[in-house]
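Coordinate inspection notes
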Amino acid sequence: MHIHILGICGTFMGGIAQLAVAAGHRVTGCDANVYPPMSDQLRATGVDLIEGYGADQCALKPDLFVVGNAISRGNPLLEAILDQGLAYVSGPQWLADNILCGRWVLGVAGTHGKTTTSSMLAWMLEEARLKPGFLIGGVPLDFGVSARLGETPFFVIEADEYDTAFCDKRSKFIHYRPRTTILNNLEFDHADIFSDLAAIETQFHHLVRTLPASGLIVANAGEASLDRVLQRGCWTPVERFNDPAGYRTDGDDASGELILHGATGEIGRAIWPLSGAHNRANACAALLAARHVGVPFAQGLAALARFGNVKRRMEVRGTVRGITVYDDFAHHPTAIATTIAGLRRKVGQARILAVLEPRSNTMKLGAMKSQLPDSLSEADAVYCYASHLGWDAGAALAPLGERASVADDLDALVERITAAARPGDHILVMSNGGFGGIHDKLLRRLAG
């Protein structure tokens, strides 16, 4: 089958393209900006890419158009597909029908930690020689790719609550029908499509309604929102983590120790490369999910000791003159706070210079601006790139006083940061986008 993918260079749709090629399909695709690294990955697998969404692409005559959720009405190619009555489907629906059907799907849902937890889970199964397939919203360093077809029924997927496509406003994860499901956490996010937290809880309950009685839900015991979701009706066994009387993890960031506890005491421990209470909680959830498919806790812990993390999760981009620059995907206030807290425990009293780009739709709308000062409170200095925001970042960060600096010009922001940085500092860059290549600009300027 020849499929043509609209919006192919996003992580999710690019992953679908790679899975489709592995499954034997001919794949072409288009995007507004055909850009690396995804464009390079796709071309390496034989995918032909087209820049833009011209209606003339209908002349390719694919058997099916697969439409990403970034594509809206008014897009010229989409309008031509609709006018001509051509066959199309959403990315999640194509995935469900052609890749996930009949497989043991392990879905990882939640506001935070989906990519890291999915990567941990896939790695545990890989280390147990279960050779899973996966589709993850980032690049696990242990695999080097964001998607793989796999050689067994097991398939790990990052189960996103964002909507499916222009024609299907249900959350993506409704299509995946997982057997093993992690509900990691649940907070308000995606203010562009959800009116409030209750609306997101409803989507999570729609997911719960699709889960089999022979499956397993691994739920965060510390989240009242998840309790409300499950109280609306649940037909699947539930195991809880972050439970003071049950499964939980603790440890020490300085030594890298991770300790898993159960109701009767310590179960096992490992020395691993990650830090932060949030990552320990992610690990606990992944350990329980992996056990559901036959990976013992001891084997899961041993895999975590060799876990290489994910690109753009506290990834060190370089060190110049004793100043270390990190890249992290954090963009929600909770994720920002936990990321800074994890780095603080790692570096002690060393200075942390937090650099933030409020780029997500939720952030651009200003829905979380009042939470930003508290989320950044552990940083010694805060630099915010405020270009194209619909709200006053300077006013929002005013509670931080002189620690906060706001700029609309990226080069000016780089100059301020590098002028303030001194040996021993840690520059933590947080954004869910490319941030204009700021990491390399900082490293070059520091070197100069």
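Computed from a prediction, not measured in an experiment: that's the story for all the values here. (Residues numbered from 1 in each chain as written. Predicted model: local features only at pLDDT ≥ 70, side-chain atom pairs only at ≥ 80, totals over all residues. Heavy atoms only, no water.)

**Looking at the pattern of salt bridges**
Taken as a whole and judged by the stated rule, the model has 21 salt bridges. Between K441 and D411 there is a salt bridge, with the nearest N and O atoms lying 3.6 Å from each other. Residue K441 is found in helix α15 (residues 438-447), and its partner D411 is found in helix α14 (residues 410-420); the two are separated by 30 residues along the sequence. The exposure class assigned to D411 is partly exposed, which follows from its relative accessible area of 48%. Salt bridges here are not isolated pairs; linked through shared partners, they connect D253, R280 and R345. (Salt bridge = Lys/Arg side-chain N within 4 Å of Asp/Glu carboxyl O. Helix = DSSP H or I, 4+ residues; strand = E, 2+ residues; numbered from the N terminus. Buried < 20%, exposed > 50% of the residue type's maximum accessible area, 1.4 Å probe, protein only.)

**A closer look at the side chain of Q57**
Looking at where Q57 falls in the secondary structure, it is placed in the loop between β3 (48-51) and β4 (64-67). Within the structure, the side chain of Q57 is placed 2.7 Å from the side chain of H4, a separation counted as a polar contact. When sequence neighbours within four positions are dropped, the list of residues in contact with Q57 reads H4, C30, I50, G52, F65 and L77. (Polar contact = N/O pair within 3.5 Å; in protein donor to acceptor, adjacent residues only side chain to side chain. Contact = heavy atoms within 4.5 Å.)

**Considerations on the nonpolar core**
In terms of nonpolar packing, the biggest core is built from 46 residues, with I5, I8, W94, L95, L135, L183 and F204 touching the most fellow members. In terms of nonpolar packing, the next biggest core, distinct from the first, is built from 41 residues, V156, I182, A281 and L301 among them. (Core = buried A, V, L, I, M, F, W, Y, C linked by side-chain atoms within 4.5 Å.)

**Focus: the packing of helix α5 (residues 114-127) against helix α8 (residues 277-292)**
Two elements in contact, α5 and α8, have axes whose closest approach is 9 Å; the angle formed by their N-to-C orientations is 40 degrees. Considered as vectors, α5 and α8 are oriented oblique to each other. Of the two elements, α5 crosses α8, and the hand of that crossing is right-handed. For the pair formed by α5 and α8, the contact residues are T116, T117, M120, L121, M124 and L125 on the first element and N279, N282, A283, A286, L287, A289 and A290 on the second. Of the residues assigned to the contact of α5 with α8, the class counts are nine nonpolar, four polar and no charged. (Axes fitted to C-alpha atoms, helices over the stretch in contact; angles between N-to-C directions. Parallel < 35°, antiparallel > 145°, perpendicular 65-115°, else oblique. Left-handed = near helix turned anticlockwise from the far one by under 90°. Nonpolar A, V, L, I, M, F, W, Y, C, P; charged D, E, K, R; others polar.)

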